[in-house]
Every structure is written in structure tokens, then in C-alpha cells.
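Descriptive analysis of the structure
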Amino acid sequence: MGAKQLATHGAALFPQFLGFDANIVNAHGLGILGAIIISYMNSIFGVTLGNLSNLYTLAKNKLITCSSALTTTNKQDRPVTAGIAVAVVGWAMLYFIDKLSISVAITNVGVSTAFVLTLVALFLHFWKERNILQLAVTLLGFASCAMIIYYSWMDISPDATERLLYASPLAVGLVIGLVMNSVATCKKKTK
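A brief look at the structure comes next.

Let's talk about the nonpolar core
Counting 7 residues, the largest nonpolar core is built from Leu52, Ala59, Ile64, Leu70, Ala82, Val86 and Met180. Mapped onto this core, the elements with two or more residues apiece are helix 2 (22-60) and helix 4 (80-96). Those residues in contact with leucine 52 that sit more than four places away from it in its chain are Pro79, Ala82, Gly83 and Val86. The next biggest cluster of nonpolar side chains, apart from the first, holds 6 residues, and it includes Ile97, Ala105, Ile156 and Tyr166.

What to know about the environment of histidine 9
Mapped onto the elements, histidine 9 comes out in helix 1 (residues 3-9). A relative accessible area of 38% places histidine 9 in the partly exposed class. For the pair histidine 9 and isoleucine 64, spaced 55 residues apart in sequence, the C-alpha separation works out to 48 Å.

Considerations on the packing of helix 6 (residues 132-156) against helix 7 (residues 160-190)
Relative placement of two packed helices is described by the angle separating their axes and the distance separating the axes. One way to put it is that helix 6 packs onto helix 7 with a least axis distance of 8 Å and a crossing angle of 110°. Comparing the axis directions of helix 6 and helix 7 gives the class roughly perpendicular. Seen from helix 6, the contacting residues are Trp153, Met154 and Ile156; seen from helix 7, they are Arg163, Leu164, Tyr166 and Ala167. Grouping the constituent residues of the contact of helix 6 with helix 7 by class yields 6 nonpolar, no polar and 1 charged.

About the thresholds
- Along every chain, residues carry numbers that run from 1 in the direction the sequence is written.
- Totals for whole chains, interfaces and linings use every residue, but because this is a predicted model, local features are given only for residues with pLDDT of at least 70 and side-chain atom pairs only at 80 or more, for both listing and counting.
- Computation of side-chain values covers all heavy atoms of the structure but excludes hydrogens and water.
- The criterion is simple. A nonpolar core is a set of buried Ala, Val, Leu, Ile, Met, Phe, Trp, Tyr and Cys residues joined through side-chain atoms within 4.5 Å.
- For each residue, the accessible area found with a 1.4 Å probe, counting protein chains only, is set against the maximum for its type, and the residue is called buried under 20%, exposed over 50%, and partly exposed in between.
- Helix numbering and strand numbering both begin at the N terminus, where a helix is a DSSP run of H or I of at least 4 residues and a strand a DSSP run of E of at least 2.
- Residues count as neighbours in contact if any of their non-hydrogen atoms are within 4.5 Å of one another.
- A fitted line through C-alpha atoms serves as each axis, taken over the contacting stretch for helices, and the angle formed by two N-to-C directions is quoted from 0 to 180°.
- The labels follow the angle: roughly parallel below 35 degrees, roughly antiparallel above 145, roughly perpendicular from 65 to 115, and oblique for the rest.
- In this classification, the charged set is Asp, Glu, Lys and Arg, the nonpolar set is Ala, Val, Leu, Ile, Met, Phe, Trp, Tyr, Cys and Pro, and all remaining amino acids, among them Gly, are polar.

From the geometry alone we can't say anything about function, so treat these as descriptive.
Here is the structure:
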């Protein structure tokens, strides 16, 4: 299988180019397809579990509102309400975003934006320490994130209005997060 056939047929069909019997080729093909599906499902599970852990930790540390509801657990000490919240948000994203390429682009924009916030903290830390080498590396990180955000943003749609509509869940989530953090901070100050 050369590069041209790989681009045309995809990696899942490479057993056809091995020269084996048709039954062996079909078995290999099913095995590869199963491995791809399991890998994809595992990545989705990992991201969902990470989001659930982050939400539960934020609620447990009282950094967001509704922390008492989000930290309720069942008999096995699992955060049920936080799990339901993550599932509802995930379902809404899957329901309203109809193309995989748009979902990937929005994910790239969201994750890169979160990474930029981390880079800002690193930049300020290294600025105080006057560590020029680490500042340069951090600036390279900013440049990388800017390129990912720009190309992902342009990949959403050629129309600017459509891009804004597809990215509106990110903006809504950011505003909700800021409001929840502000309310939780105000509650801590009044105690």
C-alpha cells in the first residue's frame, strides 16, 4: 500500500494490500475497524471523565455556584449531579452541531483558548522572575495557540455570521462560568 492508496482508501483497508486470502483480509479489516472504534470510544470516555472530574473539583472547592448540588454523591461515592450536568451539556453539543469538522474546529478553539489562559499565568510568572528563556518558550506557545485558533476558526465556516453562531456555546459557557465564579467568590467574602 503506497501513499496514494492510503490517501484514497484509508488505513482501515490496508489488509487488502497484504496479499492474503479474502477471509483473512476480512478478519483483519474487522479487527482494525474494531480497534479504531474502541480507540475513539475510549477517547470520548476519557474527555468526558476529565470534564466530570474538573466540574466536581471546582464544585468541591466552592469555585462555582450550585456547589452543594454538584458535589452530591451516590452510595458508591460518585458525583451523580455533576455527571448529569456533563451529560446534558455533551448531548446538547452533539445535538446542535451537525458536522464533525465543525465540532473538531470548535473543540480546537475552546481547548486552545483554555491553554492561552494557562500561558498568561506562565508568562506573568516568568516575567516576575525575569526568566528570558522561559518567556521566549511561552511566546512560542502563544504563537502556536494563535495559529490553531485562527485556522480552526476559519475552518468552522466561510461565513463570519455562521462562525459566530457555531461558537456561541463557547461564549455562553464562558459567561456562565464567570457568573458562577463571581457568585461563589461573593459568597465566600460574605462568610
